Amino acid sequence: MHKLWAAARKEAQLLRRDLGGLAILFVMPLVLVITITLIQDSSFKSISQLEIPILIVDLDKGPIAQQVLDGLNTSEAFVISEETSEEVAATLVRQGDYKMALVIPEALSEELEEKVTAQVATTLASFGLEEPTDSINDFQDSASKEIKLYFDPVTQQAFKSSVKNGIDKLIAQVESKMIYQAFDNELNEGETSQEQSFSETPFITYREITAGGTFAAGDHTLNSAQHNVPAWALFAIFFIIVPLSVNMVKEKNQGTFDRLQAAPVSYATLLGGKAMVYILVCLIQFLLMVLIGRFVFPSIGLPQLEIGDRWFVLFFVALCAGLAAIGLGLLLGTLAKTQEQAAPFGATFVVILAALGGVWVPVFVMPPFMQALSKLSPMNWGLNAFYEVFLRQAEWQQLLPDLGLLIGFFLLTTGIAILYHRKQQRI
Amino acid sequence: MIRAEGLSKRYAGADRFSVQLVDITVKPKEIFGLLGPNGAGKTTLISMLCTQLTPTSGWFEIAGERPSRSLRDLQQHIGMVPQEYSLYPSLTARENLLFFGSMNGVSGAVLRDRITSELESLGLTPFADKRIQTFSGGMKRRVNLIAGILHRPNVLFLDEPTVGVDVQSKQVILEKIRSLNAAGTTLVYTSHHLNEAEDLCSTIAIMDQGRMVCVGKPKQLIEKAKVANLEALFLLKTGKALRDYA
């Protein structure tokens, strides 16, 4: 046992003497999680929480255009500027000065009112409540009006769809309101009553409920902190394979490893010493990232990370993820012969595992083949376990499959490393 | 103390044996000099005897222990001073020695006392808590030697222990080697310094192209070959052709 402790002490001393390495291990993940969360924060907010610069070209100057403008203003999602020329607006959007421009066509209010009046009159005539006129049929054949939306070429499809849906909804509301108004006018023609025949209050409404919810009592909104802290903590934990494997390759190159091969100490003991220190590094990394989420995020305008009383479960998940990462690092360090092999391969492999694991793009939006492949990534198991705890308030038994995979991965990779080392001695 | 028979090693993918059918016997308390040109197979032979490499064929035992039967017991009997410094540059001399001593099964006060005593005997006490990366080549060689003897091995393998050091360090190291031998340690020593080997070794073996070409007492071998000295014997047995490129 004292050999294991001595091996661990040596690893700790080596780490302590490498200030640059320590900075990379502890500071870089914090910079990473803050940067990524700041960047991704807006994508976790609903469209109504954003302030998108939008240019309006009002060629209509009528009540419909006014209602659209009022609707956009009320939504508080847009910062509205007005422009008189469609060409200028298109140029400004193309240059990236505005994310989008909305062009309300000339005479929209007038023609929509005529169309609605004509349609209402047709409907009423079909019930025998009004005489049909030629103007009704004439108007029904007229061309529809077109509201144009210009988008900055860099805007993504998801943004476009979301904005288009919002404006569609607004236009539909204006149009419906006008139809109700027209019916109201026709049915109450000549009467002075202020009562409306049709209620404008929507009958069907919807309420968004997130199953399970987060730890924050009463706040069931998933946010960038709840998603990014576990995802990027996991990324940082797995990045440990780079310094760990480089450390092992250095020992081979320095000759210290050759000396140890002649000593009465097993390879498993040497790996155990490394694992003890590096698992501590992983847990400290995780703790720092959680503390950043709890105490630094709110001060820089990000949502606070909510953990509730599940610290122990979270740290157990971090421990299992750390073991999986260390197993991979030990295997890579055993296989690699040079630092040039270990460092670039390790870094690239972690990025691939992260991409596969769903750290950047959620697994459910991946193509079916990639979704199947993602199940092989230990980062996917870790991320699932973290999300179970962070977002779904899962119990231990729900975590066991993912934790079992992580621990199994550690045992498998370490076992392969030990067997490979034995085989190398025979070559 | 050491017996090997038919010891051979061919590395994977190599078209020839690095060590071929080597038989050696090293008696207790002997200083056994293993000589040969570069690429002769000396380091491969020592690596097998130190259990760093598994032989392709043949067998050996050290202090009655065979690696196939009791690897850890055998390793307790051996010490290794490699040709490279084989120390952690960012750790101090004392930290390096604490680690390597622990890995060889020594711990606690015994280890600390031995480290203090060996550092003293090799003139390193003032530098005990300095990092290895600040040491000269000679100082590193001294620490390298101490790291191999903290567990008091019965057999010590020294792979060119005085290469690249100044006269002072060379003398200190050679004196230490003699004192270890006087205390009962069997030494297997490789060197390209033939005068040093002639002076130090009770038995020498010359290897060439993976084979033992002669083994015996230095004086007897020189007399038998009717040459002036060990260097002449060495050239007689190994020729003058380039051997570095294996």
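Calculation criteria
- Residues numbered from 1 in each chain as written.
- Chains lettered and ligands numbered in written order.
- Predicted model: local features only at pLDDT ≥ 70, side-chain atom pairs only at ≥ 80, totals over all residues.
- Heavy atoms only, no water.
- Helix = DSSP H or I, 4+ residues; strand = E, 2+ residues; numbered from the N terminus.
- Rg over C-alpha atoms; globule rule 2.2 N^0.38 Å.
- Buried < 20%, exposed > 50% of the residue type's maximum accessible area, 1.4 Å probe, protein only.
- Contact = heavy atoms within 4.5 Å.
- Areas by Shrake-Rupley, 256 points an atom, 1.4 Å probe, with all protein chains shown as cover.
- Lys, Arg positive; Asp, Glu negative; His and termini not counted.
- Charge placed at Lys NZ, Arg CZ, Asp CG, Glu CD.
- Pairing = 2+ DSSP bridges.
- Axes fitted to C-alpha atoms, helices over the stretch in contact; angles between N-to-C directions.
- Core = buried A, V, L, I, M, F, W, Y, C linked by side-chain atoms within 4.5 Å.
- pLDDT = per-residue confidence, 0-100.
- Disulfide = S-S within 2.5 Å.
- Expected span 1.5 Å × (residues − 1).
- Arc of directions from axis to C-beta.

Quick look at the overall build of chain B
- Looking only at helices and strands, chain B has nine helices and nine strands in total.
- Relative to a compact globule of 246 residues, whose C-alpha radius of gyration would be 18 Å, chain B shows 18 Å and is just as compact.
- Taking the principal axes of its C-alpha atoms as reference, chain B extends roughly 50 × 40 × 35 Å.
- The burial tally for chain B puts 52% of its 246 residues in the buried class.
- Partitioning the contacts of chain B with sequence separation of at least 6, the portion at a separation of at least 24 is 67%.
- For chain B, the accessible surface area stands at approximately 10,700 Å², while carbon and sulfur atoms represent 49% of it.
- Averaging the locations of the 30 positively and 24 negatively charged side chains of chain B gives two centres separated by 2 Å.

Some remarks on unusual backbone geometry
- Despite not being glycine, A107(A) shows a phi value in the positive range, around 60°.
- Relative to the assigned elements, A107(A) resides in the loop between β3 (100-104) and α5 (108-126).
- Phi is positive for A63(B), close to 50°, though the residue is something other than glycine.
- As for its position among the elements, A63(B) is in the loop between β4 (57-62) and α2 (67-77).

Comments concerning the sheet that holds strand β7 (residues 186-190) of chain B
Residues and elements named next belong to chain B.
- The strand order across the open sheet built from six strands is β5-β6-β7-β3-β8-β9, with neighbouring strands paired in mixed fashion. Edge positions in the open sheet fall to β5 (78-81) and β9 (211-216), since each of these has one partner strand only. Within this sheet the neighbouring strands show an average axis-to-axis angle of 15°, counted without direction.
- Relative to β9, strand β8 (residues 203-208) runs antiparallel, the two being bridged by five bridges. What sits directly across from A205, in β9, is V215.
- Each of β3 (31-35), β8 and β9 touches helix α9 (residues 230-238); the most contacted strand, β8, lies at about 30° to it.

Considering helix α1 (residues 42-49) of chain B
- Among the eight residues that make up α1(B), seven are buried, leaving the element largely enclosed by the rest of the structure.
- Residues of α1(B) that are buried: K42(B), T44(B), L45(B), I46(B), S47(B), M48(B) and L49(B).

Regarding the nonpolar core
- Membership of the largest hydrophobic core comes to 78 residues, with the highest contact counts inside it found for F238(A) and I326(A).
- Looking at which element gives the most residues to this core, the answer is helix α12 (residues 311-335) of chain A, with 14 residues.
- Not counting residues up to four positions away in its chain, the partners in contact with F238(A) are A321(A), A324(A), A325(A), V350(A), L353(A), P378(A) and M379(A).
- Counting residues in hydrophobic clusters, the runner-up holds 54 residues, among them L97(B), L124(B), F135(B) and F234(B).

Things to note about the sheet that holds strand β1 (residues 2-9) of chain B
Residue and element names in this part refer to chain B.
- Here three strands make up an open sheet; going across it, the order is β2-β1-β4 and the pairing antiparallel. Strands with a single pairing partner mark the edges of an open sheet, and in this sheet they are β2 (19-26) and β4. Taken over all neighbouring pairs, the strand axes of this sheet differ in orientation by 15° on average, direction set aside.
- Taken together, the five bridges between β1 and β4 define a ladder with antiparallel strand orientation. Looking at β4, one finds that R3 is bridged to E61.
- Strands β1, β2 and β4 of the sheet are contacted by α1, whose axis makes an angle of about 120° with β1.

Some points on the confidence of the model for chain A
All names here are of chain A.
- Put simply, chain A has an average pLDDT of 83, and 87% of its residues get 70 or more.
- The least confident element of chain A, judged by mean pLDDT, is helix α6 (residues 134-140) at 56; the most confident is α12 at 94.
- In the predicted structure, residues 214-220 sits below a pLDDT of 50 and forms 19 contacts with residues beyond four places in sequence or in another chain.

Observations regarding the state of the cysteines
- By the definition in use, this model includes zero disulfides over all chains.
- Free of any disulfide, C320(A) has its nearest cysteine sulfur in C282(A), 12 Å distant.

Remarks on helix α4 (residues 108-121) of chain B
All names here are of chain B.
- In this model α4 runs 20 Å from its N-terminal to its C-terminal C-alpha over 14 residues, within 8% of the 20 Å that 1.5 Å per residue would give.
- Every buried residue of α4 is listed here: L111, I115, E118 and L119. Seen end-on, α4 carries its buried residues on one side only, within an arc spanning 100°. Set apart from the buried face of α4 by more than 90 degrees, the exposed residues are D113 and E120.
- Buried-residue contacts for α4 involve α3 (93-103), α5 (137-149) and α6 (167-182).
- Two residues or fewer past α4, G123 is found with a positive phi of approximately 70°.

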